[in-house]
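So you can see what is in the structure, the chains are spelled out below.
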Amino acid sequence: MPAGSTASTASLHRANFFFATAIFLTFCFSPSSASGSQTNLEQEVQELRQENAALKQQVQQQGAALEALTKKVGQLEAASPGNEPAAEQNDLPVRGGYNFGKVNLSGEGGVAFFNTGSEGFAPHSEFRVDEARLFADAEIWKDVYFFGEADFATRENDNLNLQVGELYLDFEDVSQLWGRDGQLNIRAGRLNVPFGEEYMTRNVIDNPLISRSLSDLWGFDPGVELYGALGKFNYVVAVQNSSGKNGVQDFDGDKSVAGRISFDPNRWLHFSISGMRTGDVNAQQDFITGEWFATGFFHSLGSPATTTFHVDLVEGDVAVRWNNGYAKAFGGYGRYGDNDPGGNNGRDIFYYSVEGVQNLPAKFFVAARFSQILSDHGINVVGYGNGYFFGPLTTDIWRLSLGGGYRFSDRLILKVEYSLERGNEVGGGTRDNEDFFGTEAAFRF
């Protein structure tokens, strides 16, 4: 190709390049293009802000879910073997068992060998079915549940007649009416008396020892109960009959009121305070209260002419736990009174208990408990003794229980215990032949 033709072609290419560049720059810096770019940029920023807000909300939701999960894990750890003092704050039943649709069946119990001193309840050595309980719970409707307990054998009964334990309807999360979970729940039926905390761990599968404390306050009673949680606080309060004669009728209109408030500042520390008034109890027809005390009941100390009696109680509980065990204690005061026209039968009652459990390697554990009851003018304390329900009044009595065992699992535990029990009676008599030895296999399914 000629040289002049090549130069001419190059000039044409350069002209085309400069022309195209001019058109591009004109388009880019024209007012309409700048306006469109600005609009696109604002839209992108707005979308980024929306995405950021959505992401922030998602993070907050995940944080709340994580906090709830952490709390649930803490509750499960607290309920694991060796951490028993973190008692169920709302007295909720914890069952394993077998599911049949919406119905769950479970049970627990213990088979044992007992021996006491010559004045104790088992002076000739006994093999016995210590406990045998069957539980059923079922969903009735949304957040409404049935729970029932059949007691085939209990330590307090000297026969194998079938009896009713707890039996109630549970209306859960009533506080959803104002958009809150767990603040208010309601039970109605035959319920545990919610005083103190020992009653929540007195069944043989939950109790680290075979014996209980000397005071051993517990009972079933028909009534209505409110319970719930507010932050780190839990509460339960119940209005019940407080008639122990047949567990069905009430022969005095003055009802029992009992309640407990507990506080858990962290995972290893627990406090609670309880109060109870039995109300006036008809000495002739009610006969005894619905609340057990010291392996017996509160009953009238007056003459047959006495028409009513009552007991007021207050108790404080504390528990400290660590990875392989716990220590807990409680102390209380009670005041008995009646309207006996023949004299003043008022009684002050003081009681306390201190307990510790340490888990050892290879599923072994050891446990100890010291408990005592004091009353200047004397009160009926059955304890390990025989014939003290209406017998001599006791002014002071103590019990030291030492034991241990082996956990195959949370469903099967072997335990052994030796307890010393000593006391003094009104008039100078002593209680010193009631020591207890026992071994037991506790189970649940």
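Residues numbered from 1 in each chain as written. Predicted model: local features only at pLDDT ≥ 70, side-chain atom pairs only at ≥ 80, totals over all residues. Heavy atoms only, no water.

Trainee: Please set out the overall build of the protein chain residue by residue, giving values where relevant.
Mentor: Scanning the protein chain from terminus to terminus reveals two helices and 21 strands. Contacts in the protein chain between residues far apart in sequence, at least 24 positions, make up 60% of those at least 6 positions apart. Carbon and sulfur atoms make up 62% of the accessible area of the protein chain, which totals about 22700 Å². (Helix = DSSP H or I, 4+ residues; strand = E, 2+ residues; numbered from the N terminus. Contact = heavy atoms within 4.5 Å. Areas by Shrake-Rupley, 256 points an atom, 1.4 Å probe, with all protein chains shown as cover.)

Trainee: Can you break down a nonpolar patch on the surface residue by residue, with the values?
Mentor: Among the surface-exposed residues, Y98, F100, V103, L105, L134, F152, L162 and F445 lie close enough to one another that they form a single nonpolar patch of about 730 Å² accessible area. Assignment of secondary structure puts L162 in the loop between β4 (144-153) and β5 (163-171). (Patch = residues over 30% accessible without salt bridge, like charges linked within 9 Å, V, L, I, M, F, W, Y side chains within 5 Å. Salt bridge = Lys/Arg side-chain N within 4 Å of Asp/Glu carboxyl O.)

Trainee: Could you give me a rundown of the pattern of salt bridges, with the residues and numbers involved?
Mentor: As enumerated under the stated definition, the model contains 21 salt bridges in all. D216 is the salt-bridge partner of R202, the closest N and O atoms lying 2.9 Å from each other. Separated by 14 residues along the polypeptide, R202 in the loop between β6 (185-192) and β7 (220-230) and D216 in the loop between β6 and β7 bring together distant segments of the chain. Each of the two residues, R202 as well as D216, counts as buried. What emerges from the salt-bridge pattern is a single network uniting E131, R133, E149, D151, E156, R202, R212 and D216. (Buried < 20%, exposed > 50% of the residue type's maximum accessible area, 1.4 Å probe, protein only.)

Trainee: Hey, could you go over the layout of surface pockets for me, with residue numbers and the actual values?
Mentor: The calculated volume of the second largest pocket comes to roughly 1300 Å³. The wall of the second largest pocket is formed by 47 residues, among which R155, E156, N157, D158 and W292 lie closest to the centre. A per-element tally of the lining of the second largest pocket places strand β12 (residues 288-293) first, with four residues. For the lining of the second largest pocket, the residue count by class is 16 nonpolar, 19 polar and twelve charged. (1 Å grid on protein atoms, 1.4 Å probe; cavity = no way out; pocket = protein on both sides within 12 Å on 5 of 7 lines; lining within 4 Å. Points joined across faces, edges and corners; volume = space filled by probe spheres on them. Nonpolar A, V, L, I, M, F, W, Y, C, P; charged D, E, K, R; others polar.)

Trainee: Report on empty space enclosed by the protein, specifying residues and quantitative values.
Mentor: For the structure shown, the criterion picks out three cavities of 30 Å³ or more. What the second largest cavity holds in volume is close to 60 Å³. Per element, the largest residue contribution to the lining of the second largest cavity is three residues, and it comes from strand β13 (residues 296-299). Of the residues belonging to the lining of the second largest cavity, the class tally is six nonpolar, two polar and no charged.

Trainee: So, the confidence of the model for the protein chain: which residues are in play, and what are the values?
Mentor: Across the protein chain, the average pLDDT comes to 85, with 79% of residues at or above 70. This model gives residues 1-37 a pLDDT under 50, and the stretch forms three contacts once residues within four places in sequence are excluded. Overall, residues 75-89 carries pLDDT values under 50, and its contacts beyond four positions in sequence, including any with other chains, amount to 38 contacts. (pLDDT = per-residue confidence, 0-100.)

Trainee: Please provide a residue-by-residue account of the nonpolar core, values included.
Mentor: Proteins that are soluble and globular tend to have nonpolar side chains buried together. Counting residues in each nonpolar core, the largest one holds 23 residues, and the members touching the most others are F195, L217, F293, F298, L313 and I373. Taken together, the elements giving at least two residues each to this core come down to β14 (308-322), β15 (325-338), β16 (347-359) and β17 (364-379). With three residues, β14 is the single largest residue contributor to this core. Setting aside anything within four residues of it in sequence, one finds L217 in contact with F195, E198, Y199, E291, W292, F293, F298, L313, E315 and Y351. By size, the runner-up hydrophobic cluster in this structure holds seven residues, among which are W218, F220, I288 and W292. (Core = buried A, V, L, I, M, F, W, Y, C linked by side-chain atoms within 4.5 Å.)

Trainee: So what's going on with the packing of aromatic side chains? Residues and values would help.
Mentor: Summed over the entire model, instances satisfying the criterion amount to 23 aromatic pairs. Ring centres 6.2 Å apart and planes at 40 degrees place the aromatic pair F121 and Y384 in the tilted group. You can see F121 sitting in the loop between β2 (103-116) and β3 (126-141) and its partner Y384 sitting in the loop between β17 and β18 (394-409), a full 263 residues away along the chain. The partly exposed category is assigned to F121, whose relative accessible area is 26%. Here a set of aromatic residues connected by ring pairs shows up, and it is made of F114, F121, Y384 and F436. For R399, the ring lying beneath its charged end belongs to Y384, and the centroid distance is 3.8 Å. (Phe/Tyr/Trp six-rings, centres within 6.5 Å; stacked < 30°, edge-to-face > 60°. Lys NZ or Arg CZ within 6 Å of the ring centre and 35° of its normal.)

Trainee: Account for the pairing of β14, with residues named and values stated.
Mentor: Within a regular strand, side chains alternate between the sheet's two faces. Here strand β10 (residues 269-277) runs beside β14; their pairing, made up of nine bridges, is antiparallel. Bridged to S272 within β14 is D317. In the sheet, strand β11 (residues 281-282) pairs with β14 via two bridges, with the strands oriented antiparallel. Bridge pairing in β14 places V281 opposite F309. As judged from the 14 bridges shared by β14 and β15, these two strands associate in the antiparallel manner. Within the sheet, the bridge partner assigned to V311 lies in β15 and is Y336. In this structure, the hairpin formed by β14 and β15 is closed by a connection of two residues. (Pairing = 2+ DSSP bridges.)

Trainee: Describe the pairing of β18, listing the residues and the values that go with them.
Mentor: Both β17 and β18 contribute to a ladder of twelve bridges, which runs antiparallel. Across the sheet, I379 pairs through a bridge with T394, a residue of β18. Where β18 folds back on strand β19 (residues 412-425), the antiparallel hairpin that results is connected by two residues.

Trainee: Can you explain unusual backbone geometry? Please cite residues and give values.
Mentor: The backbone of A362 sits at a positive phi, close to 65 degrees, despite the residue not being glycine. Note that A362 resides in the loop between β16 and β17. At K363, a position not held by glycine, the phi torsion is positive, near 75 degrees. Within the secondary structure, K363 is located in the loop between β16 and β17.

Trainee: Tell me about the environment of D410, and name the residues and values.
Mentor: Tracing the sequence through the fold places D410 in the loop between β18 and β19. A C-alpha to C-alpha distance of 9.7 Å links D410 and A442, two positions 32 residues apart in sequence.

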